[in-house]
Amino acid sequence: MSTEENKDVVRRWNSPEEIWPTELLDESYANHGGTTPPWATIIQGLDEAKARFDQVRRNNPTFRSIIEDIIAEGDKVAVRLTWYMGEKPYGNAMVFYRLKDGKIVDDWYCWTPLKEE
């Protein structure tokens, strides 16, 4: 797929109207977090991803993700995000996605919660 098509997949994944549609994930999907080195695998496989993302959406119905910047090269797409709970910004994130055949195979993320003022 082209870099523009890959960016479109990532845009849809982070769409405020359709938070994390798991049909965009590859069967072998792995989600990696940067909380402890080396970048630990947080979620492994499509079944675990569906369960975890469904749980997050249920527990946080006002959550939404806004892409501030998006850059792509080859099979990788990088985004800078602002996460919201309701109308308040909740955190900032950087996420790097690797795609294959229109599906997200891996993502690596790090995020920082925003302090309330």
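Before any of the text, the structure's been laid out above.
Residues numbered from 1 in each chain as written. Predicted model: local features only at pLDDT ≥ 70, side-chain atom pairs only at ≥ 80, totals over all residues. Heavy atoms only, no water.

Undergrad: I'm lost on the nonpolar core in this one. Help?
TA: In a soluble, globular protein the nonpolar side chains are often hidden away together inside. Counting residues in hydrophobic clusters, the biggest one holds 24 residues, and the most contacted among them are Trp13, Leu25, Phe53, Val79, Tyr97 and Ile104. Listing elements by their share of this core, those giving two or more residues are helix H1 (3-13), strand E1 (25-33), helix H2 (46-59), strand E3 (63-73), strand E4 (76-85), strand E5 (88-100) and strand E6 (103-113). (Core = buried A, V, L, I, M, F, W, Y, C linked by side-chain atoms within 4.5 Å. Buried < 20%, exposed > 50% of the residue type's maximum accessible area, 1.4 Å probe, protein only. Helix = DSSP H or I, 4+ residues; strand = E, 2+ residues; numbered from the N terminus.)

Undergrad: Would you take a moment to explain the layout of surface pockets for this structure?
TA: Rolled over the atoms, a probe sized like a water molecule indicates the empty space that remains. What the largest pocket holds in volume is close to 470 Å³. Taken together, 20 residues line the largest pocket, and the ones lying closest to its centre are Trp20, Phe53, Val56, Trp83 and Tyr109. (1 Å grid on protein atoms, 1.4 Å probe; cavity = no way out; pocket = protein on both sides within 12 Å on 5 of 7 lines; lining within 4 Å. Points joined across faces, edges and corners; volume = space filled by probe spheres on them.)

Undergrad: What should I look at first to understand the packing of aromatic side chains in this one?
TA: We describe a pair of aromatic rings using the distance from one ring centre to the other and the angle between the two ring planes. Counted according to the given criterion, the structure contains eight aromatic pairs. Geometrically, the ring pair formed by Trp20 and Phe63 is tilted, given 5.1 Å between the ring centres and 40° between the ring planes. Of this pair, Trp20 sits in the loop between H1 and E1 while Phe63 sits in strand E3; the two residues are 43 residues apart in sequence, bridging distant segments of the chain. Exposure class is identical for Trp20 and Phe63. Each is buried. Between Tyr29 and Phe53, the ring centres sit 6.3 Å apart and the planes meet at 55°, which makes this aromatic pair tilted. Residue Tyr29 is located in strand E1, and its partner Phe53 is located in helix H2; the two are separated by 24 residues in the primary sequence. (Phe/Tyr/Trp six-rings, centres within 6.5 Å; stacked < 30°, edge-to-face > 60°.)

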